[in-house]
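# Structural overview for review
One letter stands for each residue in the lines below.
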Amino acid sequence: MTETTKPADQRPEHPDFWCKRFGEGTTPWDAGQVPGDFAEFVARQARPLNTLIPGCGSAWEAQHLAAHAWPVTALDFSPQAVARAREVLGAAAVDLVCADFFAWQPQQPLELIYERAFLCALPRKLWADWGRRVAELLPPGGLLAGYFFLCDQLKGPPFGILPEQLDDLLQADFEQIEDRAVHDSISVFAGRERWQVWRRR
Ligand SMILES: C[S@@+](CC[C@H](N)C(=O)[O-])C[C@H]1O[C@@H](n2cnc3c(N)ncnc32)[C@H](O)[C@@H]1O
């Protein structure tokens, strides 16, 4: 069976893949809480930043941002993921959107795109589009911040990306301003993810 003839629920570029897993409650990537480097990043910003969380899943971080009065859009193309996010968010002031990251358009200019387990959920054939899209969505000075699954794991998701491959996707439009090891990873990512911040040129 080739990639394109596989059923939709076996193709991570299709919402059905993720709906199946959220529907079954099989979400090993879900930290169930806000990761430390992200919370620390939020705490040290001088003011709230208009933030997009693509592939938000359960949206723990969106809840955290809303609690700190940050404007935040949490976006996912899986209706089951959005339903789970709705449970987590309750009445939190989050713009929760069911849409494809590659087609969605912001209402207001973005200042931050938060990355966790989204790029590594995308098949490699979509990586160049991801790089182009984050650059299109952020104005000069805008930030791309979060967790990157840096390893040579071919089979996924999660699909590992090598540091030089990530540089190839981002360095024309972004300058890397933070890069450090992560100490509170869940087991799927442990020892293989780094916290990074990239600033749009
Ligand atoms: C591995 S999960 C990560 C969820 C969340 N970021 C987290 O850290 O728990 C990947 C998520 O990306 C979503 N996703 C994948 N491709 C997408 C796309 N093109 N547009 C929007 N969401 C997408 C999936 O539905 C899934 O919820």
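Everything discussed here concerns the structure shown above.
Scope of this entry: the structure provided in the associated data block. (Residues numbered from 1 in each chain as written. Predicted model: local features only at pLDDT ≥ 70, side-chain atom pairs only at ≥ 80, totals over all residues.)

## Here we look at the packing of helix α1 (residues 15–24) against helix α4 (residues 79–89)
At a minimum axis distance of 7 Å, the contact between α1 and α4 shows a crossing angle of 40°. Relative to α4, α1 is oriented oblique. For the pair α1 and α4, the contacting residues are W18, C19, F22 and G23 in the first and P79, Q80, A81 and R84 in the second. The class makeup of the residues in the contact of α1 with α4 is 5 nonpolar, 2 polar and 1 charged. (Axes fitted to C-alpha atoms, helices over the stretch in contact; angles between N-to-C directions. Helix = DSSP H or I, 4+ residues; strand = E, 2+ residues; numbered from the N terminus. Parallel < 35°, antiparallel > 145°, perpendicular 65-115°, else oblique. Contact = placed C-beta atoms within 7 Å. Nonpolar A, V, L, I, M, F, W, Y, C, P; charged D, E, K, R; others polar.)

## Notes on the site of the ligand
The full set close to the ligand counts 20 residues, and W18, G55, G57, S78 and F101 are the nearest of them. Along the lines of polarity and charge, the residues of the shell around the ligand split into 12 nonpolar, 4 polar and 4 charged. (Near = placed C-beta within 6 Å.)

## Brief notes about the environment of A172
Its location among the elements puts A172 in the loop between α6 (163–170) and β6 (174–181). When the C-alpha atoms of A172 and R201 are compared, they prove to be 8.4 Å apart, with 29 residues separating the residues in sequence.

## Structural notes on α1
Within α1, burial applies to P15, W18, R21 and F22. All buried residues of α1 project into a common sector of 135° when viewed along the axis, lining one side. Turning to α1, the residues buried within the fold contact α4. Following α1 by one or two positions, G25 adopts a phi angle in the positive range, close to 75°. (Buried ≥ 20, exposed ≤ 12 C-beta atoms within 10 Å, placed from the backbone. Arc of directions from axis to C-beta.)

## Things to note about the sheet that holds strand β5 (residues 143–149)
One open sheet accounts for 7 strands, arranged β3-β2-β1-β4-β5-β7-β6; its pairing is mixed. In this open sheet, the two strands that pair with only one neighbour each are β3 (95–98) and β6. The average angle at which neighbouring strand axes cross in this sheet is 20°, direction not considered. In this sheet, strand β7 (residues 193–200) lies alongside β6 in antiparallel orientation, the contact comprising 7 bridges. Paired with E175 across the bridge in β7 is R199. (Pairing = 2+ DSSP bridges.)

## Thoughts on unusual backbone geometry
In this structure, P157 follows G156 across a cis peptide bond, with omega equal to 0°. Within the secondary structure layout, P157 lies in the loop between β5 and α6. Between P157 and the following residue, P158, the backbone shows a cis peptide bond with an omega angle of 5°. Within the secondary structure, P158 sits in the loop between β5 and α6. One non-glycine residue with positive phi stands out, namely A69, at about 65°. If you trace the backbone, A69 turns up in the loop between α3 (60–67) and β2 (72–76). Using a count of 10 C-beta atoms within 10 Å as the deciding quantity, one classes A69 as exposed. Here the phi dihedral of A117 falls at roughly 55°; this positive angle occurs in a residue that is not glycine. You can see A117 is positioned in the loop between β4 (112–115) and α5 (127–137). A count of 23 C-beta atoms within 10 Å places A117 in the buried class.

## As for the pairing of β2
Counted residue by residue, β2 has 5 buried out of 5 residues, so it is predominantly covered. Alternating positions in β2 separate into two faces, V72, A74 and D76 on one and T73 and L75 on the other, with burial throughout. Taken together, strand β1 (residues 51–54), α3 and β2 constitute a β-α-β crossover, and its handedness is right-handed. Two elements, β2 and β3, share 4 bridges in a ladder whose sense is parallel. Among the inter-strand pairings, A74 is bridged to a residue of β3, identified as L96. Chirality of the crossover, the property in question, places the unit of β2, α4 and β3 among those that are right-handed. (Right-handed = clockwise from strand over helix to strand, strands pointing away.)

All we've got here are geometric facts, nothing functional implied.
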